[in-house]
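The residues making up each chain are set out below.
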Amino acid sequence: MTVKLGPNRYGKAETRLVRVVREGAVHHLKDINVSTSLSGDMEEAHRNGGNAAVLPTDTQKNTAYAFARKHGVGEIEDFALLLARHYVSAHPSIHHARVEIEEYAWNRIPGESRHSFVRDGGEVRTCVVHHDRDGRTTVVSGLTDLVVLNSTGSEFHGYIVDEYTTLQPTTDRILATAVTARWRHTGTGERPPYARVRACLLDAFAQTHSLSLQQTLYAMGERVLTTCPQVCEVRLTLPNKHHFLVDLSPFGLDNENEVFYAADRPYGLIEGSVLCEDAPDAGFAWE
């Protein structure tokens, strides 16, 4: 039997990097998690253990630290592009670089302190950059754990009913989810600011009278695409964080949509993508 090496890559996962910028007594904090994956001429390494084409993962870790010192860390997409292009241009055996970054936000503690921070309990900002030796580059930005809730303005009815259905239709329910969103840039024009895309997602969630979480998902993706022409595709994952009315009748109490049990599992999981009809081919963007 003849066997061959299939797709492969190697890299350094989750390099935690914190950079402090000091402007006199005022400090600024950048807290990121960098993961790099490289692929290329790896036949010899896999078949015979020859490492001449291998850039050690420890070197990849050190490169992230060194680049943070030399170039600073601004927008995470720009830092990821800098790393990816470096790996491909500096080492002939590396044909393709994938760099993924998560950013954790810190807020300055109010008051007199100029160097004290509190970790933001909100979402985590993300990006994934691909770059290969043919000069092809893709950038996907995103966020995870953006927890949102509408206390009304959501319905769910008209669904399939069979012998196993117990869910009752409703015209007024809590709709809550923890948004994971990723958006693919066209590669033309300036990337829209992260805050603008985030605002589109939040505005659409808040302003959509929802008949299903699928409808809300589509409205959120559509709002980003119509507001930010530099984005051509949005992929969303929306777990339905169910809130069930508590039966208070055993205690002689009514419950007119006031007291709910927030269930953590099982949960409905709604996933989908919204894209422009003329969106360019995604290539390896989503890998």
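Residues numbered from 1 in each chain as written. Predicted model: local features only at pLDDT ≥ 70, side-chain atom pairs only at ≥ 80, totals over all residues. Heavy atoms only, no water.

Asks: Outline the pairing of strand S3 (residues 94–104), listing residues and values.
Replies: Of all the 11 residues making up S3, 9 are buried; the element is thus mostly covered by neighbouring parts of the structure. Inspection of the sheet shows strand S2 (residues 26–40) paired to S3 by 10 bridges, in the antiparallel sense. Paired with Asp31 across the strands is Tyr104, a residue of S3. Here S3 pairs with strand S6 (residues 124–132) via 8 bridges, running antiparallel. (Buried < 20%, exposed > 50% of the residue type's maximum accessible area, 1.4 Å probe, protein only. Helix = DSSP H or I, 4+ residues; strand = E, 2+ residues; numbered from the N terminus. Pairing = 2+ DSSP bridges.)

Asks: Got a sec to walk through unusual backbone geometry? Specific residues and values, please.
Replies: Cis geometry is found at the peptide bond from Arg265 to Pro266, where omega equals -10°. Note on placement: Pro266 falls in the loop between strand S11 (260–262) and strand S12 (268–275). In this structure, Glu14 takes a positive phi of about 55° despite not being glycine. Looking at where Glu14 falls in the secondary structure, it is placed in strand S1 (residues 10–23).

Asks: Describe the packing of helix H4 (residues 194–207) against helix H5 (residues 213–227), with residues and values.
Replies: For the pair H4 and H5, the least separation of the axes is 8 Å and the interaxial angle reads 140°. Here H4 lies oblique to H5, going by the angle between them. Every pair of crossing elements has a handedness; the one defined by H4 and H5 is right-handed. Side by side, H4 and H5 meet where Arg196, Val197, Cys200, Leu201, Asp203, Ala204, Phe205 and Gln207 of the first sit next to Thr216, Ala219, Met220, Arg223, Val224 and Thr227 of the second. When the residues that make up the contact of H4 with H5 are grouped by side-chain class, the tally is 8 nonpolar, 3 polar and 3 charged. (Axes fitted to C-alpha atoms, helices over the stretch in contact; angles between N-to-C directions. Parallel < 35°, antiparallel > 145°, perpendicular 65-115°, else oblique. Left-handed = near helix turned anticlockwise from the far one by under 90°. Contact = heavy atoms within 4.5 Å. Nonpolar A, V, L, I, M, F, W, Y, C, P; charged D, E, K, R; others polar.)

Asks: I'd like a description of the packing of aromatic side chains, backed by residues and values.
Replies: A complete count under the given rule lists 2 aromatic pairs for this structure. Summarising the aromatic geometry, the rings of Phe156 and Tyr159 are spaced 4.9 Å apart at their centres and angled 25° between planes, so their arrangement reads as stacked. (Phe/Tyr/Trp six-rings, centres within 6.5 Å; stacked < 30°, edge-to-face > 60°.)

Asks: Give a description of the environment of Pro56 that names residues and reports values.
Replies: Looking at the element boundaries, Pro56 is found in the loop between helix H1 (43–48) and helix H2 (57–71). Remark: the alpha-carbon pair of Pro56 and Gly111, spanning 55 residues in sequence, is separated by 45 Å.

Asks: Run through H4, naming residues and quoting values.
Replies: Over its 14 residues, H4 runs 20 Å from end to end, which matches the ideal 20 Å to within 8%, given 1.5 Å per residue. The complete set of buried residues in H4 reads Tyr194, Val197, Cys200, Leu201, Ala204 and Phe205. Down the axis of H4, the smallest arc covering the buried residues is 130°, so these residues share one side. Exposed residues pointing more than 90 degrees away from the buried face of H4 are listed as Ala195, Ala206 and Gln207. (Expected span 1.5 Å × (residues − 1). Arc of directions from axis to C-beta.)

Asks: With reference to specific residues and values, describe the environment of Ser113.
Replies: On the secondary structure map, Ser113 appears in the loop between strand S4 (106–108) and strand S5 (117–119). Note on Ser113: relative accessible area 23%, which makes it partly exposed. For Ser113 and His27, which are 86 residues apart along the polypeptide, the C-alpha to C-alpha distance reads 9.8 Å. Looking at Ser113, its side chain comes within polar contact range of the main-chain nitrogen of His115, at 3.3 Å. Looking at Ser113, its side chain comes within polar contact range of the side chain of Ser116, at 2.6 Å. (Polar contact = N/O pair within 3.5 Å; in protein donor to acceptor, adjacent residues only side chain to side chain.)

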